[in-house]
Amino acid sequence: MRYHHIAYSILFFLIHSSVLSQGEANNWYFGQNAGISFNTTPPTVLTDGVINTLEGCASISDPNGNLQFYTDGITIWDRFHNIMQNGEELKGDSSSTSSALIVPLPNSTTTYVVFTVDEPHHDNADADDTTIDGDGVNNGLMYSVVDMSMNGGNGAVLSNQKNIPLITYNTSNSLETAYKCSEKITAVKSNDCNAFWVITHFIDTFYAFKVDETGVNNTPVSSQTGVQVPVSGYRRNALGYIKAAPKGDKLAVAHYGFATATAENGPGKVLLYDFDNSTGIVTNETELFNSDSPYGIEFSQSGKYLYANIGEGIEGNINSFLLQYDLSVPRNQIAASATRITNTSGQDLFNYSEGALQLGPDGKIYVAIINLETAEGDYLGVIQNPEEPANNLNFDQTAILINTDGIRRVTLGLPPFVQSIFEQNIGIISNGDPDNINLLLCQGDTYQLSYQNIIGATYTWYRNDILLSSNTSFLDITTTANYRLEIDLNDGSCPLIGLANATFVEIPIATPAIITQCDGYQNLEDNITLFDLRVANEELTSGNSEYSTQFFLDPTSALSGTPEINNPEAFINSQNNQEIYVRVYNTNNPNCFDITTLTLEISTTTINDVQLSSCDDDGIEDGYTNFDLSDANSELLLGITDPGLTISYYENIENALLSKNTIETYTNTTQNSQGDDFIYAKAEGTNGDCFGIGKIYLFVKPLPEVLEDSSYFLCQNEESIEIEAGLPNDSNPNDFTFLWSTNETSQTIFANQTGVYSIKITSIKTGCSKTRMIDIIPSSIATIASVDIRDGSTNNTITINAEGLGDYEYTISIDGRIRSYQDTPTLTEIPPGFHTIYVRDKNGCTPVVTKEISVIGFKNYFTPNGDTYNETWNIIGISKEMISNSLIYIFDRYGKLLKQLSANDIGWDGTYNGKQVPSSQYWFRVELMDGRILTGSFSLIR
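All residue numbers refer to position in the chain's written sequence, counted from 1. Residue-level local features of this predicted model are given only where pLDDT is at least 70; pairs of side-chain atoms are given and counted only at 80 or more, and the full residue set underlies all totals for whole chains, interfaces and linings. Excluding hydrogens and water, the side-chain figures rest on all heavy atoms present in the structure.

Q: Help me understand the pairing of strand S43 (residues 589-603) in this model?
A: Two faces belong to every sheet, and in a regular strand the side chains alternate between them. Only protein chains enter the accessibility calculation, which uses a 1.4 Å probe; a residue whose area is less than 20% of its type maximum is buried, one above 50% is exposed, and one in between is partly exposed. Comment: elements are numbered from the N terminus, with helices defined as DSSP H or I runs of at least four residues and strands as E runs of at least two. The element S43 is extensively covered by neighbouring structure, given that 12 of its 15 residues are classed as buried. Relative to S43, strand S38 (residues 513-518) is paired through six bridges, and the arrangement is parallel. Within S43, the residue paired with Cys 518 across the bridge is Ser 603. Strand pairing is defined by DSSP finding a minimum of two bridges between the two strands. Sheet topology note: the strand S42 (residues 578-586)/S43 ladder contains nine bridges and is antiparallel. Counterpart to Val 584 in the pairing with S43 is Asp 594. Between S42 and S43, which pair antiparallel and follow one another directly, the connecting turn spans two residues.

Below is the structure:
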């Protein structure tokens, strides 16, 4: 059986060109490349904008919410983000609070008036050419006309209607003429419904320009009322917004300051006025706030509440706070109703600058969030429920992330609109919410739109903007369309407008289905198990992506929609072949549905339980290893002939039954598991039904016990060296097989080349293998290339220069005694004489290399006294090789040559010309045949 019901939600749609639609405010472009669209709920962040403005900006869309163009008051960009034809050099300023405002020309679908407001800067008002801001002129308020029928529908600024000035100052006052206007502009519908008022303020006067189907009336309605904003305090005094209430009965102004000196600061004000939208007259000023730096201002959609964004202190721009005023209380109590708004963090003073407030098509108020000190402007804040009193407000200052890609930024301004766009409509749908205009119905429905029958009123109905013949207070509808009711009360007031966007959606045709599940839950063979009912969705909905399902225990619940089975992803049946009732509904309208059945069947087939072994070869021999579960596939299905079965693996039975969290590999959790750990395998047929569930018991096999990697040295004078596999001494080699990297299969081999050899040792019992690496390193005995001898001193040293592949150590033999070996080749404290040096390879290559050396020295004294001891003096340690041509000269202290010796002489006996010389100090000079010269002195003692 197919069913349907009525449901509602918000949407915007096309309406008659003489009536404003909220769709015209659906696309906002502002800040630095920033934007949002209200064509979706919640709003969508736009990343295609090219605007870059500190404050002023404006956007306009058609009644359906399709972007038309946007501007910073200087340049206009079309819907494709290209500069509009003739859309440059408008006279606004991106640093003007409201640099632009776009007003549709009444009764035209293609013409718009773009009002621009320059920044009234003191540098352009001082007659000093060296202090110029922008173009050097304060241009004041101007307007230009855009015709969207031009340039292929992309629009163009009319050349003969561009930058037309409007007078908002006393032309006889030179100071007013120098500044021309403030930075404030707003617009609202007039009471004749076919015109708008564009309103600005300067010093103490409001100027209201009427825009009707003939264009802009350049003669404003002037209202000189209330306080006077000193023009002497411009430019600062010019800052801040002006806003009209959506109903057009009130104005609110945020004056940033009342300074009295140029470019200086002063405390500001928030002021409330009455506005007569039939005459354009402003009256009844009420001061609501007098301090700090007010900037943003906005009414709630109903006009019950007013909001002001205040910068702390008279300079502003650092911290700020929000105030709510209750306009429903008596006029003299409104100022006292001011209440600070807290954000979602409970703060009522915010660490960002005061920014714009702007009512959105959704009835929420949006807040520009920027910290001017840090240039951070990533978010738009949102007052989610501005029709509530302050203590119930939900203000989220990070509600919408605008800077989604790092190149966008919220600044101070948000686009203003004709405030009447946001006025609430009458309700013609029986839902109690006139702003909830989307009507969802089911095909075959007839629905009646209606409003109360007002005596004397005229009712006019439109479908898709086409006039219908019905003139009653109700209309029966059966097709998808945009419907509008205009009620003329025939009393001179504007028509009442009711909107409905009706969508008739398809009623699904539900298909019955069967799920087959295995009986593997808790108690086996009790026909009670776990089902994921959702696996049948494809069959239940016939694969239609717009359909969804709900599950119920009985048909009555399915029809009423309650109580629903709340755990369809893990449903426990009560019996075999239990029937579940399914409500298949259209997601575009859940009240359009069909009911069918889902049968829960228990499988009677099974698959094998198996054992799966794996070597502990994951790099860490710790009793834990990773199992490739697919290795068990063939054994699980051994003897089973059903075709097309597929196997999947799960850690527990619940996951297996519900086909949830499949795994392909698994690491055991019990160390050295010998079947202690197990996982589940599930076999499914081609239709996804469960065929059977089995267990896989896991066994971890240890690797062979092998010695650690090692290295051997192959000496250059050896042909080969024997290396062994590396089994421990208590191992039986017959239990293993061996495979060397040389393809040899013995336990030991002879290595005749240097390099790395590997041996794979495999246990015959387990089949597990382990590889051991053996590095054969070259080495050799040393070759003594040279010996550096530093002798003839009190500390003789020698340095042995050895060459070869080995790692060498060194020593010396003195008087037949060998010193200990050392790693360094320099030997110290060597006495004069003839010695043997040794160089040994630490890696064991033999023999040890030796060399005979002589170290030259001399006696410090001699005693030629006839006792046969120390009777002569000569050089010690000169080898026979050095004797030839080596001479020794001995001198007295005066340099007299006393004796010339050869190295093989017995030495000097202390005489000169046969006479003994006295005890004294004597000098020598030795000239060796290798070119060395040694000098020094010695003592003769008698």
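Q: Help me understand the sheet that holds strand S59 (residues 817-818), please; the structure alone is not making it clear to me.
A: Neighbouring strands of a sheet are bound in pairs by backbone hydrogen bonds; such pairs are parallel or else antiparallel. Strand order across the open sheet formed by four strands is S59-S58-S61-S62, with antiparallel pairing between neighbours. The two strands at the open ends of the sheet, each matched to only one other strand, are S59 and strand S62 (849-855). Bridge analysis of strand S61 (residues 833-841) against S62 gives seven bridges, and the strand direction is antiparallel. In the sheet register, Ile 837 faces S62, and the bridge partner there is Lys 851.

Q: Quick question: what am I supposed to make of the state of the cysteines here?
A: A disulfide bridge is the covalent bond that connects two cysteines by way of their sulfur atoms. Disulfides are defined in this document as cysteine sulfur pairs within 2.5 Å. Taken as a whole, this structure holds four disulfides when the rule is applied. Between the sulfur of Cys 442 and that of Cys 592 lies a disulfide, 1.7 Å long from S to S. Judged by the sign of its S-S torsion, about -105 degrees, the bond between Cys 442 and Cys 592 is left-handed. Here Cys 592 lies in strand S43 and Cys 442 lies in strand S31 (residues 438-442), a separation of 150 residues in the sequence. Cys 592 shares its class with Cys 442; the two are buried. One disulfide bridge connects Cys 715 with Cys 845, the sulfur atoms lying 1.8 Å from each other. Its S-S torsion of about -100 degrees marks the bond between Cys 715 and Cys 845 as left-handed, since a negative value means left-handed. Within this pair, whereas Cys 715 is found in strand S50 (residues 710-715), its partner Cys 845 is found in the loop between S61 and S62, the two being separated by 130 residues in sequence. Neither Cys 715 nor Cys 845 differs from the other in exposure class; each is buried. Residue Cys 57 stays outside any disulfide, its sulfur separated by 17 Å from that of Cys 181, the closest cysteine.

Q: Is there a simple way to explain the pattern of salt bridges in this structure?
A: A side chain with one charge can pair with a side chain of the opposite charge if their charged atoms come near. The term salt bridge refers to a pairing of a side-chain nitrogen on Lys or Arg with a carboxyl oxygen on Asp or Glu at a separation within 4 Å. Applying the stated criterion to the full structure yields 16 salt bridges. The residue Glu 298 makes a salt bridge to Lys 243 at a minimum N-O spacing of 3.1 Å. Of this pair, Glu 298 sits in strand S23 (residues 293-299) while Lys 243 sits in strand S19 (residues 242-244), and the two are 55 residues apart along the sequence. For the pair formed by Glu 298 and Lys 243, the shared burial category is buried. Put simply, Asp 348 and Arg 340 hold a salt bridge, and the shortest N to O gap is 4.0 Å. Looking at Asp 348, the relative accessible area reads 34%, which means it is partly exposed.

Q: So what exactly am I meant to see when it comes to the pairing of strand S70 (residues 920-927) here?
A: Residues Ser 920, Tyr 922, Phe 924 and Val 926 of S70 are buried on one face, while the alternating residues Gln 921, Trp 923, Arg 925 and Glu 927, pointing to the opposite face, are not. Of the pairings in the sheet, the one linking strand S66 (residues 887-891) to S70 comprises five bridges and is antiparallel in character. Of the residues in S70, the one forming a bridge with Tyr 889 is Arg 925. Sheet analysis places S70 next to strand S71 (residues 933-940), joined by eight bridges and oriented antiparallel. Within S71, the position partnered with Ser 920 by the bridge is Leu 940.

Q: Just to check I follow, could you spell out the nonpolar core for this structure?
A: In summary, soluble globular proteins display a tendency toward joint burial of nonpolar side chains. Residues belong to one nonpolar core when they are buried, are Ala, Val, Leu, Ile, Met, Phe, Trp, Tyr or Cys, and are joined through side-chain atoms within 4.5 Å. Grouped together as the largest cluster of nonpolar side chains are 95 residues, with contacts concentrated most on Trp 28, Phe 30, Val 103, Phe 115, Tyr 325, Leu 380 and Ile 383. Residues are treated as being in contact if the distance between any of their heavy atoms lies within 4.5 Å. The contacts of Tyr 325, once residues within four sequence positions are left out, are Leu 288, Phe 289, Lys 304, Tyr 305, Leu 306, Ala 308, Ile 334, Ala 335, Ser 337 and Ala 338. Listed in part, the 20 residues of the second largest apolar core include Leu 449, Leu 485, Ile 487 and Ala 500.

Q: What am I meant to see in the sheet that holds strand S8 (residues 76-78) here?
A: In spatial order, the strands read S6-S7-S8; together these three strands make up an open sheet with antiparallel pairing. The open sheet has two edge strands with one neighbour each: strand S6 (58-61) and S8. When the angles between neighbouring strand axes are averaged without regard to direction, this sheet yields 15 degrees. Summarising the sheet, strand S7 (residues 67-71) and S8 pair through three bridges and their orientation is antiparallel. Of the residues in S8, the one forming a bridge with Tyr 70 is Trp 77. Axes here refer to lines fitted to C-alpha atoms; in helices the fit is confined to the stretch in contact. Angles between the N-to-C directions go from 0 to 180 degrees.

Q: Whenever I open this one, the environment of Asn 319 confuses me. Can you help?
A: Take Asn 319: it is sitting in the loop between strand S24 (305-311) and strand S25 (320-326). For Asn 319, a relative accessible area of 23% translates into the label partly exposed. C-alpha separation for the pair Asn 319 and Asn 371, spaced 52 residues apart in sequence, amounts to 8.4 Å. The residues contacting Asn 319, other than those within four sequence positions of it, are Ile 310, Gly 311, Glu 312, Leu 349, Phe 350, Asn 351, Tyr 352 and Glu 354.

Q: Would you mind going over the packing of aromatic side chains with me for this structure?
A: Centre distance within 6.5 Å is the pairing criterion for rings of Phe, Tyr and Trp, where only the six-membered ring of Trp is used; planes under 30 degrees apart are then read as stacked, over 60 as edge-to-face, and the remainder as tilted. For the coordinates displayed, the defined rule picks out 30 aromatic pairs. On the numbers, 6.0 Å between centres and 35 degrees between planes, the contact of Trp 28 with Phe 417 is tilted. Here the residue Trp 28 occupies a position in strand S3 (residues 27-30), and Phe 417 occupies one in the loop between strand S30 (395-401) and S31, the gap between them amounting to 389 residues. Across the pair, Phe 417 and Trp 28 agree in class, each one buried. Both rings, one in Phe 289 and one in Phe 321, keep their centres 6.3 Å apart while their planes meet at 65 degrees; by these two values the pair is edge-to-face. Here the residue Phe 289 occupies a position in strand S22 (residues 281-290), and Phe 321 occupies one in strand S25, the gap between them amounting to 32 residues. What makes Phe 321 buried here is its relative accessible area of 3%. Members of the aromatic cluster, each reached through a chain of ring pairs, are Phe 858, Phe 862, Trp 873, Trp 908, Tyr 922, Phe 924 and Phe 938.

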